[in-house]
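Architecture and fold: a report
The residues making up each chain are set out below.
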Amino acid sequence: MKEMKLFLGPQHPGMSGNASVHMYVDGDIIKRSYLLPGMLHRGFEKGMERHLWVNNISLIPRVCVVEPDTNEMAFAMAVEMIAKLEVPERAHYIRMIILEFARLSIHLMSYGGLGGPTGLYTLMYHAHTDRNTILNIFEKITGHRVYHQYIVPGGVRKDLPVGIEKDMHSFLDDLESRYEEYRDLGINNLSIQARIRDTIMLPKEVVWELGVTGIGMRSAVNKPYDLRKVKPYARYDQIEFDVPVSDYSDAYARVDCKLQEVLQSISIIRQCLIKMPKGDVRVPISKGQAMRWTVPKGYAYACVESSRGEFGYFMVSDGGTHPYRVGVRGASYPQGLLGVEKYLPGTRLDDASLWIDTMGVCSPEIDR
Amino acid sequence: MTNSMSNTEFVTNLVENQYKVLKTEVLDQYQIAFEVKKEDVHSILSLLKTSGWIQLSYLSAVDWIKDNEFEVVYIVFNWDKAVHIQIRTRLDRESASINSVLPIYPGCKYYEREAHEFFGIKFPGNPDYEKQLILENWDDIPPLRKDFDPRQYSDKKFSHMEYKNDFVNKDGKVSKQEAREKRFSDADKLRTGGKK
Amino acid sequence: MNKQYSIFTSWRHFKHLFKKPKTIPFTSIFTKKNMNYLNNNSIIRSKKKVEMSNPRTAGDNQRGFHTNDWEVCIGCGTCEEICPTEAITMVERLDIKDEEGKLQQRPTIDYGRCCFCALCVDICTSDSLKMSKEYIYSHEDPNAFELMPEALWQGHAVEEGWVKDKASNLLDLERVHMEHESPDERKSSFIEIVRGYSKEYAKLEAARCVECGICTGSCPVQMHIPAYIKAIFEDDIEGGLRQIYETNPLPGVCGRVCTHNCESACAIAVKGEAIAIRWLKRYIIDSAPNDMYEKILMEPVSEVVDARVAVVGSGPAGLGAAYYLRVMGYEVDVYEEKPLTGGVMRYGIPAYRLPDSAINKDIDFIEKIGVKMIVNTRVGKDITMDKLEKDYDAVFLGTGFFKPRSLGIPGGDHKDVIGAMTFLPQVRDYERGVLKLEDIDVAKSIVVIGGGDVAFDVARSATRLQMLKYGKSDVKLTSLENEDQLPSSDDELFEGSEEGIELFCGNGPQEVMIKNNKVTGLRLWKCLCIFNETGSFNPEYDKECEQIIEGQQIYIAIGQSPDYEYIPESLQGKLQFSRGKIKAGEFGQVEYTPWLFVG
Ligand code: SF4
Ligand code: SF4
Ligand code: SF4
C-alpha cells in the first residue's frame, strides 16, 4: 500500500496539548514520525531573563498548564540554592502538600485522559469532578485555581487559611473511598485492558537511551528511582512513602503505577498535615523592596519529581536584579521528541495517541 | 546507598585525577559543577557515563556576551549515586561549535538542535542539528542571544493596542506628571557608570 | 492479578446516575453585571435562570478584580513599576487634592494584560490596593477592559479577597541600622554621633527605595532623590554625585543637618520606616574620592561670562548662590565678616552634628572652582555697600539671622539670659580650640527656651560642656509646643532625651526669676494654645497652672532676626521688609535696586 502522510493533533482528543505528531503510515502501521512542537512556544526562557526575580513568579507556572506547582518549586529551589536561603520549616511542609495535591490532580487528569484515546469518556468526567474539588482547595489556599503563583523563592506566599485542613481531609477520604471504583472503571475494565496490556512497550534499554524519567522509567527498571527518594528535597526525607515500580513496561504497568501513586500522595498529604510545625512561611530573597532583590552570582540546577519525571530548572545569576539565564528541562523532552522519532514507528496508528498519553508527553513544557 | 557526601568526593576524585579542571564547585551534597576545557568535554562525559552517570538531564548554553563567549552546559545524573554533575565549557562566540555528544548520550539529539536554534551553536556530528525545531520561519538572530531584543522584535512585527479611555483629569492645569518624568529622565542622563 | 474481572465490573458506576452533579453549574457564576451583558447577547437560552443566578463566592484569598481606596492611595506608582505584564498605567488626576507625601495620580489596570498575580497588591506602599472576590466580568467592547480601580468595584461594595499580609509583603519596612555612638560616650564629647553607612549598608538601604519620587516634591531644593538612591544601589557614586550637585552645592553639610522633610514624605514611611535619604546622600559625598569631585565640579564651567558678582555672607544661601553663579560662568567674590566661612553652618550648628571637616570639604570645592572668599570683612564697616555697587555688576545678599529675637518678659535682659547665636559660635570656637573651656561661661544648671532644632543644639551642646566642666549635666528645655508637636526633628528629641535633657514642653515663659542680681529660675505658665483662630501667633496661658523651674542661666532659642545694619541708610529706605526679610521678586531681584539680589 502507498505510504500516507497524517497528522495527529494539535486538535485531537487523544493529543495532550498543542503539538502535533507528523506520521507517515503504511496501512495501519506507522513508518516514520516526528513531533512538531512550537505551536505553544512563548519564549519563556527569554522572558524570564527579562523579568525581575520577583516578577518571574507570574510567568513560571505557565510553563506547564496542568502542573504549575512543580515549575514554581523547581524555580524556587534553584534560586534558594544560589542564594543559600534557608526556607522556614513550615513552608517546606506547605510546599509538599501543594506538590502532592498537584500530583493527585494531574494523575487523575491523565488517568481520565486515558479515556480520550480509548474512547471511554466516563473516566474523564469522574476525574475532572475530583480535580475540580482539588482546584477548590487550591483556590482557597493560593487565590487561583490553575496558575497558583504560590510557591516562591524563600517559601510560600501566604500561610494556609484557617480550616483548610478540614477540606483536605474530607477530599482525601472521599477519594480514597472511591479508589477501587476508579480502578474498576479504568484499568480493571476488560475492554480497556485489551487496549493497554502488552502494548506500547518501553523496554529498559530504550529508557536509558532516551533518558526517560519518572513513571516511564520506574515501570521499566523496577527500581524506586524517584527524586523524592534518591535526592530528597523539601522534607520528603521525613515522610514515609513507597515508590510503586514494575519490571514489565507496557501501558498497563504505567497506568497502574500512576494509580498507586495516587494512594501514596494521599498518605503523604496526611503525614504532612500531622507533622507540619507552626511558624513563618517565607523569607525574602534579599534585603530591600522586591524590585531590588538580588541573587548572588552562581549556577544551579534544581529538579523535582513531577508526575512525568525529572523536572528541572537550570539557572545562572550574575548577581543582578534579573536572572541571567533560566533553562527549563521539561520532563517529557526525551520521550516526546526523540521517543516519537525513534520508537513510535512500528506501532499501530490507533495506538499513537495512547503512546503519547501513557508516556506522559506534555507539549507546553517542550515548547516553553 | 552509601553516604551521599562521599558521592561528591567520589566524583571530584574521579574527574580531577584525570583531567585539568578549571574550576570545581560543590553546590550541595547532590550537585557538583566542573568548568573544563572544550577538548576535555567528550572524554569526561564518556568517563562519567561509564561510571554510572547514564542520564543526560539537560544540555543548553549561556550567552556571555561581554566575554564574547558561549558557555555550553551538560548536566548528567546517576540514579544510584544521586549526584547531578554540571560540565561547563566556554566557546568562542563568533565561531561557536562543539562536536556533538550523540555517540555518548543519544538523548542529546534534540537538545543540541534546540541549542543551535536558540544560540546558533554548531554541533557537528549531530545529523539534524541545523533543522528548525520550534521556531517556524524565524527571521532574526537566534533569540536567546543576549543581543536579541524581543521588545523591538514584537514592536516591529505586531501592532499595539491603544485604549481610547480617558481617565486623565488635569482640571485644566499643566501636567505635573510629565514634568516629573522629564526631570527624572534628565537626572538619569547625568549617570555615567555603574552596573545596570 | 488474582481477582477476575468481567466486562460488567465497571457497571457499578451506574449508581452515579442519580446523584447530584458536583461541578459548579454554569448559571451560578454570573454577577449582575454579566447577567445584563449575557442577556443582551443571548448566549444562554433561558434568561430566567441567569436572572435568578446566585453567584458563587470565591475563596478568601481569591485574586479577583482590584479595588483601590483613593483616599489611602498615595499615587506612588510602585504598582505600575512591579507589574510583570505592564498592565498598570498611572493616570494623572489633578482633581485630587495636592498633599504633601502624595502624588496626584492613580493607577488604571488593563485587564487584557493583567494576570492576577497580586504582586501590585503585595507591594502597594499604602495597602490601598486590594483584590476582591469578584472574578467574572464580560463586555463586548475591548476598551471596557481597561478599568480604574476604586474603593467600590463597578459601584458595588465587594468582599475582600487577596490582601497583603506579613508573609506576602514585598516591601522592606525596616531601616538598615546605622552605627550611632552610645549616649554616654557622646554626651561628654563633641565627636560626630552618626558614623555613616558603609558601602554594603548603603546599598541595602538604597534597595528599599521604590523609586517613586514623592520625596522630591517635599525637598526644598527638589533634589533628584530616587535617581541618586538608584545610583547607590547600582554602585555608581560618580553618577549619584553629579545628580546631587545639579541641585545642591552643599551636599556634605546638607546630608547631615537638613531637616529632611523628604523622609517624612517618603512612601515607605506610610507603613514603615522612611528611607534614610539624608544618610544615603551623605554616603555618596563621603565616599566619593576627591579627584572625582574635582572632575565633576570642573565640568560645567565651560564659558566664562564677563561679569562680576559680590556675595555678602558665606552661609548656605550665599555659598549656594556663589556656586551656581560660578557654574554659569560669573566671577564671584564672597564677603564674610567672621574669620571662617560657612556662616550658620560654621557657627550655628554643633560639631557633633556637623564636623568642620564636612564643611571644609564642601567649601573647598566651591573655592576650587574659582569662587574667591574674602573673610574678616564686614560689609558696611570694612567695605561699603556703595563700593560693592560700583565694583561689581551685581550684589547678592546672603546674610543670615544672627541677632537673637528678644524674649520680652520681665528679667529678659539680664546678662545670664543668653541668645542661641551668641552661645553656639562660642561652642564651635571651643571645639576648634580657639576658646578654652574656662572661657565659656556655662552654669551648672541651665534652662533652654525653644522647641526647634536650634534649641536642642543649645541644650545638647550645653550638656556636653557641663559634662566636661563639672562631670555632670543639668539641662532643662521648655517650649510652648507640646512634646508631640515640637518643630524639632524626632532624632533630636530622641537623642536629646537619651542624653538626659529634661523636657518641660507645653509651657510659656513668664518671668526670669532673679535674686541678688543672679538668675535663679524661670516661671512657666501652661500654654493652652499657641495660635489664635486666624492663625497668627498669640499664645494663651493658664495662670493657674504655674511652675518654676530652676536654672542659673537661661538660653533663648526662639528664632533669630536678621541684622541689616550693614546696609546704608540711603538704601534701607528703598527696601521693603516683610517679617524680617527683604521683599523681593520671583527671582530674588529686589524692587527699585536691580543690581541687588537676596537669598
Ligand atoms: S502602589 Fe498603592 S499607593 Fe502606590 S500608586 Fe499603587 S495603589 Fe497607590
Ligand atoms: S495583579 Fe499582577 S498583572 Fe495584574 S495589575 Fe497587579 S501586578 Fe499587574
Ligand atoms: S526615598 Fe521614599 S519617597 Fe523617595 S523615591 Fe524612595 S521610596 Fe519614594
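Since this is a predicted model, take the numbers as computed values, not measurements. (Residues numbered from 1 in each chain as written. Chains lettered and ligands numbered in written order. Predicted model: local features only at pLDDT ≥ 70, side-chain atom pairs only at ≥ 80, totals over all residues. Heavy atoms only, no water.)

Quick look at the site of ligand 1 now. Among the 14 residues in the neighbourhood of ligand 1, the closest are listed as Cys73(C), Cys76(C), Cys79(C), Cys124(C) and Ser126(C). Its residues placed into classes, the shell around ligand 1 shows seven nonpolar, seven polar and no charged. (Near = heavy atom within 4 Å. Nonpolar A, V, L, I, M, F, W, Y, C, P; charged D, E, K, R; others polar.)

What follows deals with the packing of aromatic side chains. Evaluation of the coordinates by the stated rule reveals 23 aromatic pairs over all chains. Where Phe75(A) meets Tyr313(A), the ring centres are 6.1 Å apart and the plane angle is 80°; that geometry is what we call edge-to-face. Taken together, the residues span a long stretch of sequence, with Phe75(A) in helix H2 (residues 68–83) and Tyr313(A) in strand E7 (residues 309–317) at a distance of 238 residues. The exposure class assigned to Phe75(A) is buried, which follows from its relative accessible area of 2%. Residue Tyr313(A) is classed as buried on the basis of its relative accessible area of 0%. These aromatic residues form a ring-pair network of at least three members: Tyr299(A), Tyr301(A), Phe314(A), Tyr324(A), Tyr58(B), Trp64(B) and Tyr111(B). The lysine or arginine in question, Lys158(A), covers the ring of Trp162(C), its NZ or CZ lying 4.2 Å from the ring centre. In this structure, Arg88(B) is placed above the aromatic ring of Tyr299(A), and the distance from its NZ or CZ to the ring centre is 3.3 Å. (Phe/Tyr/Trp six-rings, centres within 6.5 Å; stacked < 30°, edge-to-face > 60°. Helix = DSSP H or I, 4+ residues; strand = E, 2+ residues; numbered from the N terminus. Buried < 20%, exposed > 50% of the residue type's maximum accessible area, 1.4 Å probe, protein only. Lys NZ or Arg CZ within 6 Å of the ring centre and 35° of its normal.)

A positive phi angle, close to 50°, is found at Gln149(A), a residue other than glycine. Located in the positive-phi region is Phe116(C), a residue other than glycine, with phi close to 55°. Note that Phe116(C) resides in the loop between strand E3 (105–110) and helix H4 (119–123).

Our next topic: the environment of Ala74(A). Residue and element names in this part refer to chain A. Tracing the sequence through the fold places Ala 74 in helix H2. Note on Ala 74: relative accessible area 0%, which makes it buried. For the pair Ala 74 and Gly 211, spaced 137 residues apart in sequence, the C-alpha to C-alpha distance is 19 Å. Sequence-distant contacts of Ala 74, that is, excluding residues within four places in its chain, are made with Ala 302, Val 304, Phe 311 and Tyr 313. (Contact = heavy atoms within 4.5 Å.)

Per the stated rule, a full pass over the model turns up 42 salt bridges over all chains. Here Arg228(A) ties to Asp226(A) by a salt bridge, and the two come within 2.9 Å at their closest N and O atoms. Salt bridges linked by common partners bring Lys23(B), Glu25(B), Glu35(B), Asp67(B), Glu69(B), Glu71(B), Arg88(B) and Arg90(B) together as one network. (Salt bridge = Lys/Arg side-chain N within 4 Å of Asp/Glu carboxyl O.)

Counting residues at the interface gives 38 residues for chain C and 28 residues for chain B. Summed over both sides, the interface of chain C with chain B buries roughly 2,900 Å², with 45% coming from carbon and sulfur. Viewed at the interface, chain B and chain C are joined by one salt bridge. With a closest N to O distance of 2.7 Å, Arg151(B) and Glu86(C) form a salt bridge. Where chain C touches chain B, the interface holds one residue pair in polar contact (both at pLDDT 80 or more). The set of elements that each furnish at least two residues to the side of chain C that touches chain B consists of strand E2 (88–92), E3, strand E5 (146–147), helix H8 (225–233) and helix H9 (237–247) of chain C. No other element matches H9(C), which puts seven residues into the side of chain C that touches chain B. Among the residues forming the side of chain C that touches chain B, the class breakdown is 10 nonpolar, 12 polar and 16 charged. (Buried area = accessible area lost by both parts, 1.4 Å probe. Polar contact = N/O pair within 3.5 Å; in protein donor to acceptor, adjacent residues only side chain to side chain.)

This part covers the pairing of strand E13 (residues 475–479) of chain C. Residues and elements named next belong to chain C. Most of E13 sits out of view: five of its five residues are buried. The alternating pattern of E13 places Val 475, Leu 477 and Ser 479 on one face and Lys 476 and Thr 478 on the opposite face, and all of these are buried. Sheet topology places strand E12 (residues 446–449) next to E13; four bridges connect them, and they run parallel. By the bridge assignment for E13, Val 448 is matched with Leu 477. Once you follow E12 into helix H19 (residues 453–470) and on to E13, the crossover reads as right-handed. (Pairing = 2+ DSSP bridges. Right-handed = clockwise from strand over helix to strand, strands pointing away.)

Everything listed is a geometric property; what it means functionally is a separate question.
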